[in-house]
Amino acid sequence: MKLTKNFLRTVPKVLLHDHLDGGLRPQTVIELAHDQKYTKLPTTDAGELAVWFQRGAQRGSLPLFLEGFEHTCGVMQTEEALERVAYETLEDMKKDGVVYLETRFAPIFHKQKGLHTETVVKAVLRGLERGKKDFGVQYGLLICAMRNMDPKISMEIAELAVDFRNQGVVGFDLAGEEGGYPPKKHVDAFHYIQRENFNITVHAGEAFGKESIWQAIQWCGAHRIGHATRLIEDMKVKDGQVLSMGMLAQFVLDKRIPLEICLTSNVHTGAVKSIDEHPFGIFYRYKFRVTLNTDDRLMSGITLTDEYCTAAEHFGLKLEELEKLTINAMKSAFLPYKQRIAIIYDVLKPGYAKAKKSLKKK
């Protein structure tokens, strides 16, 4: 039975790698620009703006992909705007069948009109909390430092993340362009997070090689890796079969380090040439703990349902295998253990049991 998009939208899903400033609705961008007198948008037609963002982001280069964020961050400069974007994010998740979301953003980009980073985080958390109450989607917020910024700023962002750990922030991330900005430059911030027994994910192995992943794990103590596409460089593969693994790949496999895979985004940024050439299929077959993610919904023009469809179509994943990926994602979330288990047994397993029954009836 072919898994249709409408069907997959109804199954419960978990999303761990999604950027708050990469998932705005085009109409919201236009309205916020009007409210804040932001005049740099290329068009005020929502349909045209969506196409502009997607065309701009899909040029096969991470730096080019990131250009669109000038506009999304440009209209997220007030408390009201930040709260609205966060709230609408959870509404969009509800419509897409996502039951748990970890969204991430860099507070440093939202200070152009004088907001303090604490105010920025509070506004986003207010929106997420309202969304949770109205739509029933649970969430965790990840705070990002940026690779290309002074490590002192990263330390301030790490401290900010820990300050809000009991209010909805669940971890710390390092994002931004990889080339020339190794994660180990920010090691002090990561050591602080480790001393605080807090959670770490790092963008690595997207636009730079396996060394970036090695640093993220061994220097920065990453509990999860964002993208990790280039981990394939540490594996000898012939005709789709793994002949041998290097020490890094074996370590990631043995330690069950979750990989936040973003299929469509990796094609758009040039991390891989095509979906069919994405190493996800190999990672999955050889039992790496892989999860499916959107990265930037506006820029790539996708939802998590689309990513599930892509995995089913290109890698032959059946419903049972998508369920396994979803449970893997929930196991890998930065929520406390009891909450993760509750979502798995009270939401995910019953939801997939119901979906399997409905498939059999067709």
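This is a predicted model, so every value here is computed, not measured.

What counts as what
- Residues numbered from 1 in each chain as written.
- Predicted model: local features only at pLDDT ≥ 70, side-chain atom pairs only at ≥ 80, totals over all residues.
- Heavy atoms only, no water.
- Helix = DSSP H or I, 4+ residues; strand = E, 2+ residues; numbered from the N terminus.
- Rg over C-alpha atoms; globule rule 2.2 N^0.38 Å.
- Contact = heavy atoms within 4.5 Å.
- Lys, Arg positive; Asp, Glu negative; His and termini not counted.
- Charge placed at Lys NZ, Arg CZ, Asp CG, Glu CD.
- Buried < 20%, exposed > 50% of the residue type's maximum accessible area, 1.4 Å probe, protein only.
- Polar contact = N/O pair within 3.5 Å; in protein donor to acceptor, adjacent residues only side chain to side chain.
- Core = buried A, V, L, I, M, F, W, Y, C linked by side-chain atoms within 4.5 Å.
- Pairing = 2+ DSSP bridges.
- Axes fitted to C-alpha atoms, helices over the stretch in contact; angles between N-to-C directions.
- Parallel < 35°, antiparallel > 145°, perpendicular 65-115°, else oblique.
- Left-handed = near helix turned anticlockwise from the far one by under 90°.
- Nonpolar A, V, L, I, M, F, W, Y, C, P; charged D, E, K, R; others polar.

A. Region of the structure containing the overall build of the protein. Of the regular secondary structure elements, the protein holds 17 helices and ten strands. Taking 21 Å as the expected radius of gyration for a compact globule of 362 residues, we find that the protein reaches 19 Å, a close match to that expectation. Reported as C-alpha extents along the three principal axes, the dimensions of the protein are approximately 55 × 50 × 40 Å. Partitioning the intrachain contacts of the protein with sequence separation of at least 6 by distance along the chain shows that 76% fall at a separation of at least 24. Taken as two groups, the 50 positive and 46 negative side-chain charges of the protein have centres that lie 7 Å from each other.

B. How the structure looks around the side chain of Ser 61. Mapped onto the fold, Ser 61 is located in the loop between α3 (46–57) and α4 (62–65). The exposure class assigned to Ser 61 is buried, which follows from its relative accessible area of 18%. A distance of 3.3 Å separates a polar atom in the side chain of Ser 61 from the backbone nitrogen of Leu 64. Ignoring any residue separated from it by four or fewer positions in sequence, one finds Ser 61 in contact with His 268, Thr 269 and Gly 270.

C. Quick look at the side chain of Thr 326. Looking at the element boundaries, Thr 326 is found in helix α16 (residues 319–332). The exposure class of Thr 326 is buried, given its relative accessible area of 0%. Not counting chain neighbours up to four residues away, the residues in contact with Thr 326 comprise Pro 12, Lys 13, Val 14, Tyr 308, Leu 348 and Tyr 352.

D. Highlighting the nonpolar core. Core analysis: the largest hydrophobic core is formed by 101 residues, its most contacted members being Ile 225, Leu 259, Phe 280 and Phe 288. Not counting residues up to four positions away in its chain, the partners in contact with Ile 225 are Thr 201, Val 202, Ala 204, Ile 213, Ala 216, Ile 217, Ile 257, Pro 258, Leu 259 and Glu 260. Counting residues in each nonpolar core, the second largest holds eleven residues, with Val 14, Met 330, Ile 343 and Leu 348 among its members.

E. Examining the pairing of strand β8 (residues 241–245) more closely. Pairing analysis gives four bridges linking strand β7 (residues 235–238) to β8, with the strands arranged antiparallel. Opposite Lys 238, over in β8, you have Gln 241 as the bridge partner. A loop of two residues connects β7 with β8, the two strands running antiparallel in sequence, and Asp 239 in this loop sits at a positive phi of about 55°.

F. Broad picture of the packing of helix α10 (residues 210–218) against helix α11 (residues 247–254). Relative to each other, α10 and α11 sit at 50°, their axes nearing to 10 Å. On the basis of their axis angle, the class for α10 and α11 is oblique. Note on packing geometry: the crossing formed by α10 with α11 is left-handed. Contact residues: α10 offers Lys 210, Ile 213, Trp 214, Ile 217 and Gln 218, while α11 offers Leu 248, Phe 251 and Val 252. Here the contact of α10 with α11 is composed, by residue class, of six nonpolar, one polar and one charged.

G. Just unusual backbone geometry, in detail. Even without glycine at this site, Arg 256 takes up a positive phi of about 55°. Secondary-structure assignment places Arg 256 in the loop between α11 and β9 (259–261). Classification of Arg 256 by relative accessible area gives partly exposed; the value is 35%. Residue Lys 287 is not a glycine yet carries a positive backbone phi of 70°. Tracing the backbone through its elements, the reader meets Lys 287 in the loop between α13 (280–285) and β10 (290–292).

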